[in-house]
Amino acid sequence: MAIVTLADILKDAKENKYGVGMFNTVNLEMARAVIGAAEEENSPVIIALAEVHIPYGDLNTLAPIMVKFAKEAKVPVAVHLDHGMSFELILKAMQSGFTSIMYDGSTLSYEENIEKTREIVKIAHTLGISVEAELGHVGGAEGGNEDGHETYYTKIEEAGEFVQRTGIDALAVAIGTAHGEYKVKPKLDINRLRDIHNVVSAPLVLHGGSGLSDDDFRNCIENGISKVNVFTDMSIAALNAIADRPKKTSYPDLINLTMEAIKAEVASKIRLFGGSNRA
Ligand code: 13P
């Protein structure tokens with residue numbers, strides 16, 4: 001198939017009410033496992049390098065591999081920078097062939113977030129690259145509304161204007177999810193999601209996908225989510241494979257075991273999000 005932009009992939013997902021999985025890849029093996037799962041499921045997919053993962057896999061090394069895998073894949077693949085914050089890294093990702101950038105200005109003031117996001121959109125769109133931005137703030141996994149994180153939830157009255165003034169292709173919303181392993185069972189604000197969906201034309205993105213229930217995913221996709229980000233569950237699947245390995249496993253075999261575990265985890269998420277046979 002081909003390497004595609006985020007806007008391309010999410011257009012069909014939004015129209016047909018399914019979710020496209022975005023899976024963080026910190027090395028070649030993870031990228032291969034994710035694309036392998038998407039090919040088996042005949043599903044579009046997004047592979048992403050997050051700025052916080054740069055210490056594990058630097059952009060100069062990983063970008064050519066990710067772009068090559070995407071170009072050679074049998075399904076549509078977007079190559080995405082996740083939670084880009086540094087202007088230099090974002091520009092480097094654009095130069096390296098990424099087809100999508102998330103600019104994360106979620107800790108800035110509303111006006112500053114708009115201003116910085118607009119700057120990125122202007123450059124990215126000139127180059128035919130998509131942009132995702134975040135309004136409100138999805139924090140770490142200690143979150144959930146028990147911890148008072150509602151103050152960071154996306155404000156319905158700001159969401160429409162934010163998308164309109166920035167010109168972004170996808171909006172990440174804060175509705176009660178968090179990154180990492182949940183310590184408190186998350187309670188998602190589906191009413192808020194529905195209200196945001198009613199006022200925003202751009203596809204919506206759910207961060208912190210790991211640890212949510214099947215019903216949470218179904219509810220979110222039913223009420224407007226088109227892209228679901230997952231990382232921690234892939235890491236857990238790999239760690240479980242390592243813990244359960246046969247006694248005399250060689251290192252290369254161990255790598256294959258972790259790849260198979262990640263692939264199975266990704267395939268099950270793709271099925272859950274409704275992405276199978278949508279390529
Ligand atoms: P999890 O690690 O909680 O799945 O979150 C991934 C994510 O949102 C990346 O942007």
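Below: a short report on this structure. The shown structure was predicted, so the numbers you read here are calculated from the model rather than taken from an experiment.

**Notes on the environment of Gly180**
With respect to the helices and strands, the residue Gly180 is situated in the loop between β6 (170-173) and α7 (190-199). Counting along the chain gives 28 residues from Gly180 to Gly208, while the straight-line C-alpha distance between them is 6.7 Å. Dropping the residues within four chain positions of it, Gly180 is found in contact with Ala141, Ser210 and Thr232.

**Some words on helix α3 (residues 59-72)**
The terminal C-alpha atoms of α3, which comprises 14 residues, lie 19 Å apart, in line with the 20 Å expected from a rise of 1.5 Å per residue. By the burial criterion, the buried members of α3 are Leu59, Leu62, Ala63, Met66, Val67, Phe69 and Ala70. Projected down its long axis, α3 shows its buried positions confined to an angular sector of 160°, all on one face. Of the exposed residues in α3, those oriented more than 90 degrees away from the buried face are Lys71 and Glu72. Those residues of α3 that are buried are in contact with α2 (28-41), β2 (45-50), β3 (77-84) and α4 (87-95).

**Some remarks on the pairing of strand β1 (residues 20-24)**
Among the five residues of β1, five are classified as buried, and the element is accordingly described as predominantly covered. Residue alternation in β1 divides its side chains into two sets, Val20, Met22 and Asn24 and Gly21 and Phe23, and both sets are buried. When β1 meets strand β8 (residues 225-230), the two strands line up parallel, connected through four bridges. Its bridge partner being in β8, Met22 is matched across the sheet by Asn229.

**Considerations on the nonpolar core**
With 72 residues, the main nonpolar core has Phe98 and Leu171 as its most contacted residues. The contacts of Phe98, once residues within four sequence positions are left out, are Leu49, Leu59, Ala63, Met66, Val67, Val79, His80, Leu81, Ala93 and Ile129. Grouped together as the second largest cluster of nonpolar side chains are 15 residues, Leu10, Met22, Ile46 and Ala172 included.

**Details of the site of the ligand**
Looking at the ligand, there are 14 residues lining it, with Asp82, Gly180, Gly208, Ser210 and Thr232 nearest. His83 places a polar side-chain atom, nitrogen or oxygen, 3.2 Å from an oxygen atom of the ligand. With respect to the ligand, the backbone of Gly180 contributes an N or O atom lying 2.9 Å from an oxygen atom. Protein chains shield 96% of the accessible area of the ligand, which is 310 Å² for the free molecule. Going through the elements one at a time, β3 and β8 are the ones with two or more residues in the shell around the ligand. Grouping the constituent residues of the shell around the ligand by class yields three nonpolar, 10 polar and one charged.

**Side note on unusual backbone geometry**
Peptide bonds are mostly trans, and most non-glycine residues show a negative phi. The phi angle at Asn42 is positive, at roughly 55°, despite the residue not being glycine. For Asn42, the location among the structural elements is in the loop between α2 and β2. The phi angle at Asn277 is positive, at roughly 60°, despite the residue not being glycine. Note on placement: Asn277 falls in the segment after α10 (251-273). Take Asn277: its relative accessible area is 60%, and that puts it in the exposed class.

**Here we look at the pattern of salt bridges**
Tallying each qualifying case throughout the model produces 12 salt bridges. Here Lys11 and Glu15 are joined by a salt bridge, their closest N and O atoms 3.3 Å apart. Separated by four residues within a single helix, Lys11 and Glu15 lie in helix α1 (residues 6-16), roughly one turn from each other. According to the relative accessible area criterion, Lys11 is exposed, its value standing at 52%. Between Glu40 and Lys263 there is a salt bridge, and its shortest N-O distance comes to 2.9 Å. Here Glu40 is found in helix α2, whereas its partner Lys263 is found in helix α10, with 223 residues between them in sequence.

**Brief notes about the sheet that holds strand β7 (residues 204-206)**
Ordered by their spatial adjacency, eight strands build a closed barrel running β1-β2-β3-β4-β5-β6-β7-β8, and the pairing between neighbours is parallel. This sheet shows a mean twist of 25° between the axes of neighbouring strands, independent of strand direction. Examined bridge by bridge, strand β5 (residues 130-135) and β6 share four bridges and lie parallel to one another. Looking at the pairing, Leu135 lines up with Val173 of β6. Across the sheet, helix α6 (residues 156-166) is in contact with β5 and β6; its angle to β5 comes to roughly 155°.

**So, the packing of α4 against helix α5 (residues 110-126)**
The relative placement of two packed helices is expressed as an angle between their axes plus a distance between the axes. At a minimum axis distance of 11 Å, the contact between α4 and α5 shows a crossing angle of 15°. Relative to α5, the element α4 is oriented roughly parallel. Helix-helix and strand crossings are classified by hand; for α4 and α5 the assignment is right-handed. Note on element contacts: α5 touches α4 through Glu119, Ile120, Ile123 and Ala124, opposite Phe87, Ile90, Leu91 and Met94.

Definitions and cut-offs
Going along each chain's sequence as written, the residues are numbered from 1 onward. With pLDDT at 70 or above as the cut-off, local features in this predicted model cover only qualifying residues; side-chain atom pairs require 80 or more to be listed or tallied, and sums for whole chains, interfaces and linings still use all residues. Hydrogens are left out, water is left out, and the side-chain values use all remaining heavy atoms of the structure. Helical segments are the DSSP runs of H or I of at least four residues, strand segments are the runs of E of at least two, and each set is numbered from the N terminus. Contacts are residue-level and defined by heavy atoms, with any inter-residue pair within 4.5 Å sufficient. Every helix has an expected span of 1.5 Å times one less than the residues it contains. Partly exposed residues are those whose accessible area sits between 20% and 50% of the maximum for their type, while under 20% is buried and over 50% is exposed, using a 1.4 Å probe and protein chains only. The directions considered for the arc run from the helix axis to the C-beta atoms. A pair of strands is labelled paired if DSSP reports no fewer than 2 bridges between them. For our purposes a nonpolar core is just a set of buried Ala, Val, Leu, Ile, Met, Phe, Trp, Tyr and Cys residues, chained together by side-chain atoms within 4.5 Å. Near residues are defined by distance, with any heavy atom within 4 Å of the molecule or strand qualifying the residue. Pairs of N or O atoms are called polar contacts if they sit within 3.5 Å, as long as, within protein, a hydrogen donor faces a hydrogen acceptor (for residues adjacent in sequence, only side-chain-to-side-chain pairs). The Shrake-Rupley method, run with a 1.4 Å probe, gives the accessible areas here. Residue values count only the displayed protein chains as cover. Under the scheme applied here, ten amino acids are nonpolar (Ala, Val, Leu, Ile, Met, Phe, Trp, Tyr, Cys and Pro), four are charged (Asp, Glu, Lys and Arg), and all others, including Gly, are polar. Think of a salt bridge as a Lys or Arg side-chain nitrogen and an Asp or Glu carboxyl oxygen that are within 4 Å of each other. Only the stretch in contact is used when fitting a helix axis, every axis being a line fitted to C-alpha atoms; angles between N-to-C directions are given from 0 to 180 degrees. For this classification, under 35 degrees means roughly parallel, over 145 means roughly antiparallel, 65 to 115 means roughly perpendicular, and everything else is oblique. In this scheme the crossing of two helices becomes right-handed for a clockwise turn of the near helix relative to the far one and left-handed for an anticlockwise turn of less than a right angle.

Any functional reading would require information beyond the geometric quantities listed.
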